[in-house]
Structures are given as C-alpha cells and as structure tokens.
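# Secondary and tertiary structure notes
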Amino acid sequence: MPGSGEVAVEGNFQKSILPNGIRIVTERIAHVRSVAVGVWVDTGSRHEPLPKSGVSHFIEHLVFKGTESRTAEEVAKAVDSVGGQMDAFTTKEHTCFYVTVLDRHLPLAADLLSDILLHPLFAPEDIDRERTVVLQEFRMVEDTPDDLIHDLFAERVWAGHPLGRPILGDRKIILGLDRETILAYFRNEYCPARITIAAAGRLEHAELADLLGKCFRDFQGAGGVRNGGGPPDLTPRLELIDKPLEQVHFVLGGPGLRQDAPERYVLYLLNTIIGGSMSSRLFQEVRERQGLVYSIYSGNAAFRDCGLFYIYAGTEPAHFPKVLGLVMEELRKLKRDGVTADELTRAKEHLKGSLMLSLESTSSRMTRIAKQELYFGHYFTLDEILAAVDRVSAEQIQALIAELLDRRPLSLVALGPAGAHTPSRTDLAL
C-alpha cells in the first residue's frame, strides 16, 4: 500500500499518511451502503493576505468549472449518473471538497476529487463567468440580514484581523483577481502537507488508502509562507448600522473558547441551556412566552486559537429594546444564580441525543473525524465524548459563566432601520 505509518486508532478508526504527506483518516460503518469522502485543505479566509481577500472561496468555485480531462458539465454528470452528491465549502480556517456515493462508486469519488484538485483549468473565461456568480453571492448575503449581521459583528469586534473579514472577501478584490494571481495562490496553499482526506461509511481503509495513493501519487509541494494573524484582540463595540429593514437583527457577544479548549464540553452544555435548543432559556422566554421573535439562538464560533460566544435575535424595531432587555436579564440570572439541576440534566441528554442522531449520517461522521484530525490529531470515541459530557458539573458551568461574562464588556452590533432604539453601555451591564 502506498502509505506510511498506518495506525489503527480505535475500533473502526484508522489513519494512514501517504509518502507526499497527505493524511487519510477513515471510519468504517459496515451497516450502511454509502461512503462520504472529503478532501479538507488547511486553508481558509484567515490565511489570505488582505490584497487577496476572498480568493479561497473563489477557488472553491473555480475547481468545479472544468479540468484537463472533464468539462464542468461532465463533472456534474459523472456524479449525477450514480446518484451521488458533490459539493464544497470554505470556512475561515479550512476548505472542504466532498462527495457522497454508494460504496461501489468509491473509485469514481476518488477520481473526481483528485481530478478537480490536481488538474483544474482555471480558464480565463470560466474565471470571468464565475466571478459574476460570486458577486451574486455577495448580493444574496446582503439580502439576508440574519446572515449578514454575523459578518458585521466579527468585522467590528475583530477589526483589522483576518478572522474579522468575511469569507466571501471584498467585492473590489474579487473584481481584480486574475488567473495568474489565483493560480499562484492555489499552488502555494493547496499542497499535500495541508491536506487531510476523511472518509466514513462502507469502506476498507487499506483499499481506500491504496486508491488515494494512486490518485494523488504525483501531487507534490510543501506550501509557502502563509498569513494567519495569530489570536485576535477583541475590541468591545456598541453599534447600530442603518439599513431599511422590517426587523432589527442583532448579535450580542464576547470572547468564547477555542476549538480544543479543555472546557469545551462545559460550553456545549451552557450554550444548550442559554439558547442552543428549543427548551433553552432564551427560546422559551423571548419566543414562546413573550412572542417577540421568530428566531433567537446562541452559539460559539470556535477557531484554532480563539472563539466568540454570541446570541442572535431578530425582531421588529418597536420590540428591540424589550428583546435586548430580556436577553440581558437571562444572562444576569445565569451569572447570579447559575443553572438548575434539571436544566443541566436536560442539556446533557439533549447533547448526547443530538450527537448520536448525527452519527446516522455518513457525511456527519466524515466531518467529525476530519475535525478531530485537524484540531486534535486524536480520535475521541463516542463513549469518550459521552463520558466527558456526563462529567460536567454545575460548578464547572458556573465557573465558565463567570469567565465568559467577566472578561470584558459585551459587544452589541445591530442592523436595522434608522430610528430604532440605540442601546447604551448601561443596557449591557451585567
């Protein structure tokens, strides 16, 4: 087999490293008939120098526009002809290209993924055509304020840092990107040392490693100097951005936890209690009892070296002060009184149930093992994760509440019509 250091990690998890440095991680699931395969590249919008902001997302689009041996239509037909699914996405820290097929079509999936990554044409006419598509995506985000507000929040609290930039980048920069710039960036970033291939489903690790070893045999390169920015400094902000909308959309938040933080399971549970489920405090109080919003939730945007804990809500301008007041009151109650035993028990069962249900999807399991490799280099079994969730105590929850809410003032960025209530720092006092 063209690999080195194959390691059986635990049960159905295995890992190989190809001679060129590509890591292959798999999970065999014998009772399914599908396989999800993803090529994860350790590059995203945070690694882009400012003059190339948005190039990673642009490249994600362009690799599907044709290769040396296939047109874009032929790529699409090859997947459709076997009932498969092929797509990609770009985040701030990585890019993923993935295919889900029946197990007998795994060779096709490997061939397609290697073809679009090793032999993309980046034809000038395709670049110009896809540039128009990406510009339409800019407009789509601008017309979706509940998405846009998250970009606006990050831009303001992480001003001047690559993590504060939107994944789509800058419209003017996208307009100016030429083939030479795109190709040079692609060759610098999309290299074996930065690639992890994850697969989950009905597969044999040795067979897949051999198949991928042949597909990527001629893929070489170590990658060049890259951007990253280090951990960002968070600048507290309080801002209402004028936009003629029917609602005020806002994000309230502050520092969260990085991806591999020891307290991450504590935060998963705290998030579930605050706004991460239908039984959460915010959903029940603001939506169910008061009827003031359609959508309200909390979350933690976690990265390699930092995180943002946030709360989002959208409401009509007249209700904005009350909704913000209710959110702040729930946070004050949490800080003052902590969580109840019933809340913690319910959050644990919710989290464990959600995790186990997600394991019924091969694509979810592929994503899970890829992120474990990318951020930990270690595989956590289901039993290990469930045990870690069960070990979380009310005291740990309370300690994390104090840590997150006492670090510095919360930031608030709102998007809505002029004349909407403008909060003060007093409104955000905890």
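Refer to the structure above for everything that follows.
From a predicted model like this one, the values you see are computed outputs, not experimental measurements. (Residues numbered from 1 in each chain as written. Predicted model: local features only at pLDDT ≥ 70, side-chain atom pairs only at ≥ 80, totals over all residues. Heavy atoms only, no water.)

All right, on to the overall build of the chain then. Along the chain, the regular secondary structure elements total 15 helices and twelve strands. If you line up the chain on its principal axes, its C-alpha atoms span 60 × 50 × 40 Å. For the chain, with 430 residues in total, the buried portion stands at 53%. In the chain, the proportion of contacts linking residues at least 24 apart, taken out of those at least 6 apart, comes to 80%. (Helix = DSSP H or I, 4+ residues; strand = E, 2+ residues; numbered from the N terminus. Buried < 20%, exposed > 50% of the residue type's maximum accessible area, 1.4 Å probe, protein only. Contact = heavy atoms within 4.5 Å.)

This brings us to the packing of helix H3 (residues 106-118) against helix H8 (residues 205-215). At a closest axis distance of 10 Å, the pairing of H3 and H8 adopts a crossing angle of 30°. Viewed along their axes, H3 and H8 adopt a mutual orientation that is roughly parallel. Note that H3 runs across H8; the crossing there is right-handed. From H3, Leu106, Pro107, Ala110, Asp111, Ser114 and Leu118 reach across to H8, where they touch Leu208, Leu211, Leu212 and Cys215. (Axes fitted to C-alpha atoms, helices over the stretch in contact; angles between N-to-C directions. Parallel < 35°, antiparallel > 145°, perpendicular 65-115°, else oblique. Left-handed = near helix turned anticlockwise from the far one by under 90°.)

What follows deals with the nonpolar core. Among the nonpolar cores identified, the biggest contains 71 residues, and Ile59, Met86, Phe97, Phe122 and Ile182 are the most heavily contacted of them. By size, the runner-up hydrophobic cluster in this structure holds 49 residues, among which are Leu292, Leu334, Val392 and Leu400. (Core = buried A, V, L, I, M, F, W, Y, C linked by side-chain atoms within 4.5 Å.)

With that settled, the discussion passes to the environment of His47. Positionally, His47 belongs in the loop between strand E4 (34-41) and helix H1 (55-62). Classification of His47 by relative accessible area gives buried; the value is 9%. In this structure, the C-alpha to C-alpha distance between His47 and Gly228, residues 181 residues apart in sequence, is 4.7 Å. With residues up to four places along the chain from it excluded, the contact list for His47 reads Asp42, Lys92, Glu93, Tyr185, Glu189, Arg226, Asn227 and Gly228.

Moving on: the packing of aromatic side chains. Tallying each qualifying case throughout the model produces twelve aromatic pairs. With 6.2 Å between their ring centres and 40° between their planes, Phe216 and Phe219 make a pair best called tilted. For Phe219, a relative accessible area of 10% corresponds to the buried category. An angle of 85° between the planes, with centres 5.1 Å apart, marks the rings of Phe376 and Phe380 as edge-to-face. (Phe/Tyr/Trp six-rings, centres within 6.5 Å; stacked < 30°, edge-to-face > 60°.)

A few words now on the sheet that holds strand E10 (residues 296-302). Strand order in the open sheet formed by five strands is E8-E12-E9-E11-E10, with mixed pairing between adjacent strands. Each having just a single partner strand, strand E8 (238-242) and E10 make up the two edges of the open sheet. On average, each strand axis in the sheet is tilted by 15° relative to the strand beside it, whichever way the strands run. As paired elements, strand E9 (residues 248-255) and strand E12 (residues 411-416) share five bridges and run antiparallel to each other. (Pairing = 2+ DSSP bridges.)

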